[in-house]
Amino acid sequence: MMIMSLAIGGISFAPNKNKTTTSSSSSASQLLLHNSSSNRLRSSSSSVTITTRRIRSSSLRCFSALNPQLKITLDKVTTSNKVVLFMKGTKDFPQCGFSNTIVQILKSLNVPFESVNILENELLRQGLKEYSSWPTFPQLYIDGEFFGGCDITVEAYKNGELQELLEKAMCS
Amino acid sequence: MCSSKRSVEIIDTSGGCGASFAVEIVSDQFEGKRLLERHRMVNTALAEEMKDIHALSIKKAVTPTQWQQQQESTNTPLTSQ
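On a predicted model such as this, the values are computed, not experimentally measured, just so you know.

Conventions and cut-offs
- Residues numbered from 1 in each chain as written.
- Chains lettered and ligands numbered in written order.
- Predicted model: local features only at pLDDT ≥ 70, side-chain atom pairs only at ≥ 80, totals over all residues.
- Heavy atoms only, no water.
- Core = buried A, V, L, I, M, F, W, Y, C linked by side-chain atoms within 4.5 Å.
- Buried < 20%, exposed > 50% of the residue type's maximum accessible area, 1.4 Å probe, protein only.
- Helix = DSSP H or I, 4+ residues; strand = E, 2+ residues; numbered from the N terminus.
- Contact = heavy atoms within 4.5 Å.
- Phe/Tyr/Trp six-rings, centres within 6.5 Å; stacked < 30°, edge-to-face > 60°.

Engineer: Give a description of the nonpolar core that names residues and reports values.
Structural biologist: In this structure, Leu-74, Phe-86, Leu-128, Leu-140 and Leu-162 of chain A are the most contacted members of the largest nonpolar core, which totals 34 residues. Listing elements by their share of this core, those giving two or more residues are helix 2 (68-80), strand 4 (83-87), helix 3 (97-108), helix 4 (122-132), strand 6 (139-142), strand 7 (145-148), helix 5 (150-159) and helix 6 (161-171) of chain A. With five residues, the top contributor of residues to this core is strand 4 of chain A. Setting aside anything within four residues of it in sequence, one finds Leu-128 of chain A in contact with Leu-74, Phe-86, Ile-118, Ser-133, Phe-137 and Gln-139 of chain A. In terms of nonpolar packing, the next biggest core, distinct from the first, is built from 14 residues, Val-8, Ile-25, Ile-58 and Ala-61 of chain B among them.

Here's what the structure looks like:
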């Protein structure tokens, strides 16, 4: 474990990029691949189906992943379920430790929730980052509103705020 | 998010690849802001870097006052080298 000290001021940050750089061209081709046919994603329960439309390759250049239709779909998904977790993997098979943490918290509180696997749909994954103005996953929605990622959820769970909010959401 | 930052601690949790970090931030700019807003401030400040970071865990985003209180309630140091 390495500890880096930083100059006080703006946050300047220089992670070692050696092994982590993903080229933008590969992600672009991935997108094309995903969108060459109608892309359908199912959450663990059958009630949530997210369909993203095919996008033209010419719009890839400076495109926003959050197209109007996806936005409408996300509005619908987040408001028609009290608790929605956009995560890596499914609630029965989380594929990321942070996602798993929230799943375990929600399960321990006996909260019924929808989970949507963002790994199955690249356009959804990118679009959600814009939709929530949040760069990472998992993303937890409660009562139609973005609640937070893993750190915020853990903190709120520890101080009881999460339980309070969930109770309110379940009664509303 | 700049001049009034008090303290930032960054821990590389990636095990060497440099793509996973945990941060603890004390700033008076967090004053009067909810945790979600505080995290958004950090995310915004790190927007460029986030493209290359796989995981960023914001362990703490507290005001100097909160920091003081936390220091007093725990005698053990947060990190040691």
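From this point, the narrative continues.
Engineer: Any chance you could break down the packing of aromatic side chains for me, citing the residues and the numbers?
Structural biologist: All names here are of chain A. Tallied over the full model, the rule gives four aromatic pairs over all chains. A centroid spacing of 5.7 Å and a plane angle of 85° characterise the contact between Phe-86 and Tyr-141, whose relative ring orientation is edge-to-face. With Phe-86 in strand 4 and Tyr-141 in strand 6, this residue pair connects regions lying 55 residues apart in the sequence. Relative accessible area serves as the criterion here: at 0%, Phe-86 is assigned to the buried category.

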